[in-house]
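What follows is the residue order along each chain.
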Amino acid sequence: MTMSITLIGGPTALIEIDGFRLLTDPTFDAPGDYRLPHVTLEKLVGPALSADEIGTVDAVLLSHDQHSDNLDHSGKDFLAKAKRVLTTEAGAKRLGAHAEGLAPWAVTELGKNGKSLTITATPARHGPAGIEPLAGDVIGFVLSPTVGAPIYISGDTTWFDGVAEVARRFACGVVLPFAGAAQTRGPFHLTMDTNDTIETARAFPDAMIVPVHTDGWAHFKQNAQDLRVSFDALGFGKRLNLLQPGVRTEIAA
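Note that this is a predicted model, so its numbers are computed, not measured.

J.: Kindly report on the overall build of the protein, identifying the contributing residues and their values.
T.: Secondary structure summary: the protein contains seven helices and 15 strands in total. Considering only C-alpha atoms, the protein reaches an extent of 50 × 45 × 35 Å along its principal axes. Within the protein, the fraction of its 253 residues that count as buried is 56%. If you take every contact in the protein between residues at least 6 apart in sequence, the share linking residues at least 24 apart comes to 62%. Looking at the protein as shown, the accessible area adds up to about 10400 Å², and 49% of this sits on carbon and sulfur atoms. In the protein, the 21 positive side-chain charges and the 29 negative ones have mean positions that sit 2 Å from each other.

J.: Describe in detail the pairing of strand β1 (residues 2–9), supporting the description with residues and values.
T.: Where burial is concerned, most of β1 is hidden: seven out of the eight residues are buried. Here five bridges tie β1 to strand β2 (residues 12–17), and the two strands are oriented antiparallel to one another. Bridged to G9 within β2 is T12. The turn joining β1 and β2, which pair antiparallel and follow one another in sequence, is formed by two residues; a positive phi near 55° is taken by G10.

J.: Quick rundown of the sheet that holds strand β6 (residues 59–61)? Include the residues and the values.
T.: Here seven strands make up an open sheet; going across it, the order is β8-β7-β6-β3-β2-β1-β15 and the pairing mixed. Single-partner strands in this sheet number two, and they are β8 (99–101) and β15 (248–252). Neighbouring strand axes in the sheet, compared pairwise and without regard to direction, differ in orientation by 25° on average. Strand direction decides the pairing type here: β2 and strand β3 (residues 20–24), joined by four bridges, are antiparallel. By the bridge assignment, I15 is partnered in β3 with L22.

J.: Please give an account of the sheet that holds strand β11 (residues 139–145) that cites residues and values.
T.: With respect to topology, six strands assemble into an open sheet ordered β9-β10-β11-β12-β13-β14, the strand pairing being mixed. Of all the strands in the sheet, the pair left with one neighbour each is β9 (107–112) and β14 (208–209). Pairing geometry for strand β12 (residues 151–153) and strand β13 (residues 174–176), over three bridges, is parallel. In the sheet register, I153 faces β13, and the bridge partner there is L176.

J.: Break down the packing of aromatic side chains for me, with residues and values.
T.: Inspection of the entire model under this criterion finds four aromatic pairs. Pairing Y34 with W217 gives two aromatic rings, centres 5.6 Å apart and planes at 40°, and the pair type is tilted. Placement of the pair is Y34 in strand β4 (residues 32–35) and W217 in the loop between β14 and α7 (224–234), with a sequence separation of 183 residues. Judged by relative accessible area, Y34 falls into the buried class, the value being 6%. The ring of W105 carries the charged tip of R169 above its face, separated from the ring centre by 3.7 Å.

J.: With reference to specific residues and values, describe the pattern of salt bridges.
T.: Taken as a whole and judged by the stated rule, the model has twelve salt bridges. We note a salt bridge from K81 to D52, for which the minimum N-O separation is 3.3 Å. With K81 in the loop between α2 (73–79) and β7 (85–87) and D52 in helix α1 (residues 51–54), this residue pair connects regions lying 29 residues apart in the sequence. Look at K81 and you get partly exposed, because its relative accessible area is 41%. Across the pair R228 and D232 runs a salt bridge whose closest N-O atoms are separated by 3.2 Å. Of the two residues, R228 and D232 are both situated in helix α7; the distance of four residues between them amounts to about one turn of the helix. With a relative accessible area of 43%, D232 lands in the partly exposed category.

J.: Can you tell me about empty space enclosed by the protein, naming the residues and giving the values?
T.: Empty space among the atoms becomes visible once a probe the size of a water molecule is rolled across them. If you walk through the whole model with that rule in mind, you get one cavity of 30 Å³ or more. Of the pockets and cavities examined, the largest cavity occupies roughly 30 Å³. What lines the largest cavity is T24, D25, L61, S63, I139, G140, F141, I153, S154, G155 and F178. The element contributing the most residues to the lining of the largest cavity is β11, with three residues.

Definitions and cut-offs
Residues numbered from 1 in each chain as written. Predicted model: local features only at pLDDT ≥ 70, side-chain atom pairs only at ≥ 80, totals over all residues. Heavy atoms only, no water. Helix = DSSP H or I, 4+ residues; strand = E, 2+ residues; numbered from the N terminus. Buried < 20%, exposed > 50% of the residue type's maximum accessible area, 1.4 Å probe, protein only. Contact = heavy atoms within 4.5 Å. Areas by Shrake-Rupley, 256 points an atom, 1.4 Å probe, with all protein chains shown as cover. Lys, Arg positive; Asp, Glu negative; His and termini not counted. Charge placed at Lys NZ, Arg CZ, Asp CG, Glu CD. Pairing = 2+ DSSP bridges. Axes fitted to C-alpha atoms, helices over the stretch in contact; angles between N-to-C directions. Phe/Tyr/Trp six-rings, centres within 6.5 Å; stacked < 30°, edge-to-face > 60°. Lys NZ or Arg CZ within 6 Å of the ring centre and 35° of its normal. Salt bridge = Lys/Arg side-chain N within 4 Å of Asp/Glu carboxyl O. 1 Å grid on protein atoms, 1.4 Å probe; cavity = no way out; pocket = protein on both sides within 12 Å on 5 of 7 lines; lining within 4 Å. Points joined across faces, edges and corners; volume = space filled by probe spheres on them.

Okay, structure coming up:
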């Protein structure tokens, strides 16, 4: 099976698979600051493609709605264009409209032109153990096409038992870890760092690793090139595919 991924910037990527068009965590704002209750986030780089250039999608896969680096002002406007919006149960209540809330391991299905795509929500933890009351709920997604290996989108998470359980349940051919080692509140990261991404790669031994959410924000402590150096040093650099923003890239799964 061949799929394509176009990195828009940050956590936002257009995934085209088996005739379906899916967009992860939409962020289309220009660079600027976002004042949250306990921290200010600074966006450094704008999107490689505009929302209008993306066009219509079959579903938005929104890992969570409460942080501006995963859903910004323009991203919220984009939600209205999507046929479906899949997100956390708490997020669906906040967003209303046609947002659908999924608990971890809940399953839904997309249908189009006689084809189907199964989507499973997966557990995510947005930082170290105990962070949940502060960071809020997050989910990832596994996409299971009729033919071909599943695709795992981690959402904002660190490596923990929930990610390991995804690997036990699904033999994924492509994994999109949300890396970048985001850090805001203290000396701990809120998304995968290089070590977490390596652990994820080892847990999915047959998967191509396609990281997103690695660049473009001031609170990211690592970037895509840090992943390249680490993967190459450990001898499995061929499994790491660093996307060029705005370029549609075909990936065999």
